[in-house]
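Residues per chain are reported as follows:
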Amino acid sequence: MTVDNRIPALPAEEYARRQRRVESAVPELWDLLDEVKDPEIPVISLWELGVLQEIEQRDETVVVTITPTYSGCPAMSVMEEDVVAALHAAGHDQVRVETRLSPAWSTTWMTDAAQEKLRAWGIAPPGCGSADVAAVIRCPRCGSEDLRKLSEFGSTACKALYQCNSCAEPFDYFKPI
Amino acid sequence: MTATDSNEAVLQYAVRLGDDALVLGHRLSEWCSNGPFLEEDLALTNVALDYIGRARMFYSYAAELSGDGRSEDSFAYLRDCREFTNLLLHELPRGDFAFTMARQYLVDEYALAFMQALLESEDERLAGIAAKAVKESKYHLRRSRDWMLRLGDGTAESHCRLQTAVDDLWGYTPELFELDALETSLVAAGVAVDSAALRPDWEAAVRATLEEATIELPQADWSVRGGRQGIHTESLGHMLSDLQFMQRAYPGLEW
Ligand SMILES: [Zn+2]
């Protein structure tokens, strides 16, 4: 049996985000919003993506704080609507979604499990890289590292387009940022 | 500065940065479905989205500072040419692909350094916007620099077009590094970026890229300025007639 002795490196702001959920006074609302997925990648939730930052009950109003992925990401308004719809459906009539820019969203907030979901969906995950240093990219279909970049930008701003030289699969790569 | 003066100064500064982003974002968006090939079409429009998103963040902040009911749309759609305060480089017509990429490269080198400096702003909101912009600009620069090398060191045709583009753009770059009274006072207050201080590093980076791309450094004996004071090229008015068409045809329209 191999023991995984790696210490997961977690950015401070992501640790704080996870603590907010653990210590939340409204854990059931976090669970409820686990059902709200990224409109472009319906296998990972806003929580897993790192967009969902805080949920608070302020008097009669549920206040949800989200952080945008990319500045101009058109999916952000859809995410807002989906959050409101999910809370309305659960009987919470007064809902407000607030946007917070800081700390700036990072793909390093995604858990390994979420990254594996991306891979299974056909998207090469960002790994632990940053905009300066990319992590190793593997073909989500066959695992090969023999790839070529077709475009720095893919179907959305958060992805680049690659093709696998081993199995010929063209695929999106979720860029580390 | 009094609190009110300082509020108004930050508002104007945010609008300037919003104008830079909106005008360039619109120019890039004009490539939508006109890109040289599909992947490049996607890239140009994704960069356009980043810039338009950047404009929205700056305008939203300006709208909040105004406290008079103005919205981000008021800044984007309800002002005419002379009220726009973008640096002229951003508004020049998109030209051919070489021109678009050369302009993008010159802007990306500038924008990345600028936003990295804005991270240190005493104004938390501006610093927050910069933190998002820095990450995006790194990807923009990687791509535009790559195109400089491919076009410059490509065919005779691509080389010629890129050299022409760089020559035509060069006289618009000094304005990037000039501060007026408003920005000077905001630099002193720790809010704005001292863009003049960015010039040596920018020139060194651009010089190195041009050399690698086998493009000659222009020896321009001309330069144009005026954007921050609302003095624009002819092309901005034409652009606004397109960008603002819906609001001009249906005043007060909301989606
Ligand atoms: Zn493969």
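Residues numbered from 1 in each chain as written. Chains lettered and ligands numbered in written order. Predicted model: local features only at pLDDT ≥ 70, side-chain atom pairs only at ≥ 80, totals over all residues. Heavy atoms only, no water.

Trainee: Hey, could you run me through the packing of helix 1 (residues 3–29) of chain B against helix 4 (residues 97–118) of chain B in this one?
Mentor: Axis angle and axis distance: for two packed helices, these are the angle between their axes and the distance between the axes, and together they describe the pair. Residues and elements named next belong to chain B. Two numbers describe how helix 1 lies on helix 4: the axes approach to 12 Å, and their chain directions differ by 150 degrees. The angle between helix 1 and helix 4 places the two elements in the roughly antiparallel class. The element helix 1 and its partner helix 4 pack so that their crossing is left-handed. Along the contact surface, helix 1 presents Y13, L17, L24, R27 and L28, while helix 4 presents T100, R103, Q104, V107, F114 and L118. (Axes fitted to C-alpha atoms, helices over the stretch in contact; angles between N-to-C directions. Helix = DSSP H or I, 4+ residues; strand = E, 2+ residues; numbered from the N terminus. Parallel < 35°, antiparallel > 145°, perpendicular 65-115°, else oblique. Left-handed = near helix turned anticlockwise from the far one by under 90°. Contact = heavy atoms within 4.5 Å.)

Trainee: Any chance you could explain the sheet that holds strand 2 (residues 61–66) of chain A here in plain terms?
Mentor: All names here are of chain A. One open sheet accounts for three strands, arranged 1-2-3; its pairing is mixed. The outermost strands of the open sheet, each flanked by one partner alone, are strand 1 (52–58) and strand 3 (95–99). The average undirected angle you get between the axes of adjacent strands in this sheet is 20 degrees. Bridge count between strand 2 and strand 3: five bridges; the pairing is parallel. Residue pairing across strands places I66 opposite T99, the latter belonging to strand 3. Helix-sheet contacts for helix 4 (residues 75–89) involve strand 2 and strand 3, and the interaxial angle to strand 3 is about 155 degrees. (Pairing = 2+ DSSP bridges.)

Trainee: What is the right way to read the coordination of the zinc ion from this model?
Mentor: By definition of the ideal shapes, four donors in a tetrahedron about a metal sit 109.5 degrees apart, and six donors in an octahedron sit 90 or 180 degrees apart. Residue and element names in this part refer to chain A. Listed as protein donors to the zinc ion are C139 (SG), C142 (SG), C164 (SG) and C167 (SG); their distances from the metal cover 2.3 Å. Each of the four donor atoms around the zinc ion contributes to a set of angles spanning 107 to 112 degrees, which defines the coordination as tetrahedral. Donor residues for the zinc ion sit on one chain with the sequence pattern C-x2-C-x21-C-x2-C. Residue classification places C139 among the buried residues on the basis of a relative accessible area of 3%. Taking the relative accessible area as the measure of exposure, C142 reaches 40% and is therefore partly exposed. (Donors = N, O, S within 2.8 Å, 3.2 Å for Na, K, Ca; no water. Tetrahedral: all angles 85-135°; square planar, octahedral: opposite > 155°, others 65-115°. Buried < 20%, exposed > 50% of the residue type's maximum accessible area, 1.4 Å probe, protein only.)

Trainee: Sorry if this is basic, but what is going on with the interface of chain B and chain A here?
Mentor: Bring the parts together and some accessible area is lost; that lost area is often taken as the interface size. Contact residues are listed per partner, giving 22 residues for chain B and 26 residues for chain A. Taken together, both faces of the contact between chain B and chain A bury some 2100 Å²; the carbon and sulfur share is 61%. Contact with chain A buries area across many residues of chain B, yet K132, K135 and Y139 of chain B alone supply 34% of it, more than any other trio. The interface formed by chain B and chain A includes one salt bridge. Counting across the interface, chain B meets chain A through nine residue pairs in polar contact (both at pLDDT 80 or more). Broken down by secondary-structure element, the contributors of at least two residues to the side of chain B that touches chain A are helix 2 (38–66) and helix 5 (124–152) of chain B. (Buried area = accessible area lost by both parts, 1.4 Å probe. Salt bridge = Lys/Arg side-chain N within 4 Å of Asp/Glu carboxyl O. Polar contact = N/O pair within 3.5 Å; in protein donor to acceptor, adjacent residues only side chain to side chain.)

Trainee: Sorry, what's going on with the layout of surface pockets here?
Mentor: Empty pockets left among the atoms are what a rolling probe the size of a water molecule brings to light. In this structure, the largest pocket occupies an estimated 1500 Å³ of space. For the largest pocket, the lining is made up of 45 residues, of which I52, G53, R56, S60 and E72 of chain B are closest to its centre. Contributing elements (two or more residues each) for the lining of the largest pocket: helix 4 of chain A together with helix 1, helix 2, helix 3 (72–77), helix 5, helix 9 (234–243) and helix 10 (245–249) of chain B. Residues belonging to the lining of the largest pocket are distributed by class as follows: 22 nonpolar, 13 polar and ten charged. (1 Å grid on protein atoms, 1.4 Å probe; cavity = no way out; pocket = protein on both sides within 12 Å on 5 of 7 lines; lining within 4 Å. Points joined across faces, edges and corners; volume = space filled by probe spheres on them. Nonpolar A, V, L, I, M, F, W, Y, C, P; charged D, E, K, R; others polar.)

Trainee: I keep staring at the packing of aromatic side chains and nothing clicks. Help me out?
Mentor: Any pair of aromatic rings gets described here by the distance separating the centres and the angle formed by the planes. Tallied over the entire structure, the rule returns 14 aromatic pairs over all chains. Three or more aromatic residues joined by ring pairs make a cluster, and in this case those are Y110, F114, W170, F177 and W202 of chain B. Directly above the aromatic system of W47 of chain A lies the positively charged group of R17 of chain A, at a separation of 4.0 Å from the ring centroid. Sitting over the ring of Y139 of chain B, K175 of chain A keeps its end group 4.6 Å from the ring centre. (Phe/Tyr/Trp six-rings, centres within 6.5 Å; stacked < 30°, edge-to-face > 60°. Lys NZ or Arg CZ within 6 Å of the ring centre and 35° of its normal.)

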